[in-house]
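Chain residues, written in single-letter form:
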Amino acid sequence: MSSLSASEPTTAVGQDVHDRGPAVRVEDLSITYRTNYEANPTLRSALGRMGRSTRAVREIHAVKNVSFEVPHGEVMGLVGANGAGKSTLMRSVAGILPPTSGRIEVDGRVSTLLALGVGFNRNLSGRENVILGGLAAGLHKSQLKEKYDEIAKFAELGDFMDLPMRTYSSGMYGRLAFSVAVNMDPDILLVDEALSVGDARFKRKSLRRMRKLCDRAGTILIVSHGMQTLRDLCTRVAWMHQGQLMMVGETEEVIDAYSEFLEVGKNDTASLEDL
Amino acid sequence: MTSKPTNLRPVESGTLPSDPVEDAVAASEKGRREFNPERHVYEPHRVGLPPMGAYLREVWRRRSFAYEMSRTTLRAQHFKTGLGQLWLVLNPLLLCAVYFMLVDIVRHGNRPPNYFAHLVAALFFYHYYSGAVNQSARSVIGGGRLVLNTAFPRTLLPLSSVLTAFKRFLPTLLIYAVVHVASGLPIGLHLIMAIPVILLLTAFTAGMAMLVSAAQVYFRDVASFLPYILRIWMYATPVLYFVEDVPDRYHWLLDINPLTPFFGAWSDMLDLGLWPSATDLLWALGSATVAVVVGGLFFISREREFAVRL
């Protein structure tokens, strides 16, 4: 049933810190997974299918032979149409999805701000969700206690921190998620289409915060459809299409090529900006 | 125009730490420099299992997640309802009352000596097992976004459910202690064996919890079948009756039931004031080991797939 070979982060500390390689190195990475296309897979339907010997799984080649490197301190953008494999790539760099073949090396503490954000249990308060998420990510309780105040302050949620997350608006969700991600003091921040959260003021604040992170030689890998955001932030951009890496290079160059490919004009702000 | 990385020399897997001593040094090193750079290498595995040493160390390192998770769950489930924590005690007591009446009626009122104490002890013990398995079934699914967004050993999810059930079990032991004394059952050193018997059942439970919670990811109706299976399983376990009451033609049912040795040891010790037999303990140890190995391997070999199956 399983097509995924498991992988495991192997931690090797004690290597020479001064002789640092890239922050992220992806080598010939391919990810294939099987997914069930039933909305609600059940034993009952599986037994039913057995009689007809059909299967309800479908193989997805999400990432195909992708190789690239992100040096320390670089902000690398990732563009591509929906379904290009960007999110899958980000998840595998975060160690959530295992490579089917190839290899990923990540040098540093990773913090993720993926599309679904923080808060796995909507019935728990924001505080409980932040703490549980942090503990799962491997932080110690004492560290979390320190960080918690910063997180709450940055998210500007006030009393809402102690209310169940189902009472939050989607903007509040996004703010909390962003606040958690940047306040974990990551060496490498993975951001997946999350910059459009919050109002204009919060957006500005998050951009400032991300620049600060870059100045501290933090590395950022960012997926966005907002070309202006990418132009502002990124040193380089990679473009993915149907699981393959089309191009890696200077921001302007790649964005131009990508825009041309999408057949939208350079100044077509409506289609290229996060609204 | 397209700048592909040029230094794609194959990296020798020999750079990975495989020496256990070096590993331990690395782990303690990491503990000291928590926020310092870490290095992760993700590679496919041939057999579908991650290196178990590193995996178990990660589980241990993040154990506070399981504690916090079970604390939060308990608080959400009980501490906010009207009767609050009282439910932790009321619920099992009511259960005992119902079964006691039922069995008394069926047996026309002639019950064996110390039947009530036996029923309470065994029912609480079984309730611990079934509660943990029931609760853990939805643990991975319930961790939804956490599983999608964070890399951590997923076994922590079912294990935290077992911990929750254990915390519910502890106050019921106090109730039983009252019943035990009130029934005038023997008190002695043999009661110390409660600890290993509980530990063995906990291990068996953990194995089942991992098995069931992983199965639930693939078949979402497992959690719906489960209460019925666990109910039938209870009737096949010496909970509502003593092992000696079972007619010969049904004895095979107890023989194939992996829970029988746990409950045999439990009631020998509590009802009869005996030291549990070595046979029971060994069988229990065997069942627990098989459950942990099978459940654990099944779960761990599948857990990397959960993120695409949720």
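Up top is the structure these notes are about.
This one's a predicted model, so the numbers in the text were calculated from it and none came from an experiment. Per chain, the residues get numbers from 1 upward, laid out in the order the sequence is written. The lettering of chains begins at A and the numbering of ligands begins at 1, in the order of writing. Reporting in this predicted model follows two pLDDT cut-offs: at least 70 for local features of residues, and 80 or more for side-chain atom pairs to be given and counted; totals over whole chains, interfaces and linings ignore these cut-offs and use all residues.

Enquirer: Could you give an account of the overall build of chain B, naming the residues involved and the relevant values?
Expert: Labels follow the DSSP assignment, with helices taken as runs of H or I lasting at least four residues and strands as runs of E lasting at least two, numbered in each case from the N terminus. Scanning chain B for helices and strands turns up 14 helices and one strand. For chain B, the proportion of its 310 residues judged to be buried stands at 39%. We call two residues in contact when their backbone-placed C-beta atoms lie within 7 Å. Sequence separation of 24 or more characterises 80% of the internal contacts of chain B that already satisfy a separation of 6 or more. Remark: C-beta atoms are placed from the backbone, and a residue is labelled buried if 20 or more other C-beta atoms sit within 10 Å of its own, exposed if 12 or fewer do, or partly exposed between those counts.

Enquirer: Outline helix α8 (residues 251-262) of chain A, supporting the account with residue identities and numerical values.
Expert: One full turn of an α-helix is made of 3.6 residues, so residues set three or four places apart face in the same direction. Residues and elements named next belong to chain A. Between the first and last residue of a helix there are one fewer steps than residues, each counted as 1.5 Å, and that sum is the expected span. Here α8 contains 12 residues, and its C-alpha end-to-end distance of 16 Å stays within 8% of the 16 Å for a straight helix at 1.5 Å per residue. Taken together, the buried positions of α8 are occupied by T251, V254, I255 and Y258. Angular distribution of buried residues about the axis of α8 spans 95°; they occupy a single face of the element. Exposed side of α8, more than 90 degrees from the buried face: E252 and E260 are the residues found there. For α8, the secondary structure elements touched by its buried residues are β3 (75-79), α7 (227-233), β8 (236-241) and β9 (244-250). Residue E263 follows α8 closely and has a positive phi angle near 60°. This arc is built from the directions going out from the helix axis to the C-beta atoms.

Enquirer: So what's going on with the pairing of strand β6 (residues 188-192) of chain A? Residues and values would help.
Expert: Residues and elements named next belong to chain A. Counted residue by residue, β6 has five buried out of five residues, so it is predominantly covered. Only strands joined by at least two bridges in the DSSP assignment are considered to pair. Note that strand β5 (residues 110-113) and β6 share four bridges and pair parallel. Across the sheet, L113 pairs through a bridge with V191, a residue of β6. Note that β6 and strand β7 (residues 219-223) share five bridges and pair parallel. Directly across from L190, in β7, lies its bridge partner L221.

Enquirer: Quick one: what's the story with the nonpolar core, residue by residue and with numbers?
Expert: Core analysis: the largest hydrophobic core is formed by 137 residues, its most contacted members being L190(A), L221(A), F262(B) and W266(B). A per-element tally of this core places helix α5 (residues 115-137) of chain B first, with 14 residues. In contact with F262(B), not counting residues within four places along its chain, are V197(B), L200(B), L201(B), F204(B) and A284(B). One nonpolar core equals one set of buried Ala, Val, Leu, Ile, Met, Phe, Trp, Tyr and Cys residues connected by C-beta atoms within 7 Å.

Enquirer: I'd like a rundown of the pairing of β9(A), residues and numbers included.
Expert: Bridge count for β8(A) against β9(A) is six bridges, and the pairing is antiparallel. Opposite H241(A), over in β9(A), you have Q244(A) as the bridge partner.

Enquirer: I'd like to hear about the sheet that holds β7(A), residue by residue, with values.
Expert: Residue and element names in this part refer to chain A. Reading across the sheet, the six strands line up as β5-β6-β7-β3-β8-β9 and stay open at both edges, with mixed pairing between neighbours. The outermost strands of the open sheet, each flanked by one partner alone, are β5 and β9. Here the strands of the sheet are splayed against their neighbours by 15° on average, with no regard to which way each runs. To obtain an axis, a line is fitted to C-alpha atoms, over the contacting stretch when the element is a helix, and the angle between two such axes runs from 0 to 180 degrees between their N-to-C directions. In this fold helix α2 (residues 86-93) packs onto β3, β6, β7 and β8, with an angle of close to 150° to the strand it touches most, β7. Sheet strands in contact with α8 are β3, β8 and β9, and its direction is about 140° off that of β9.

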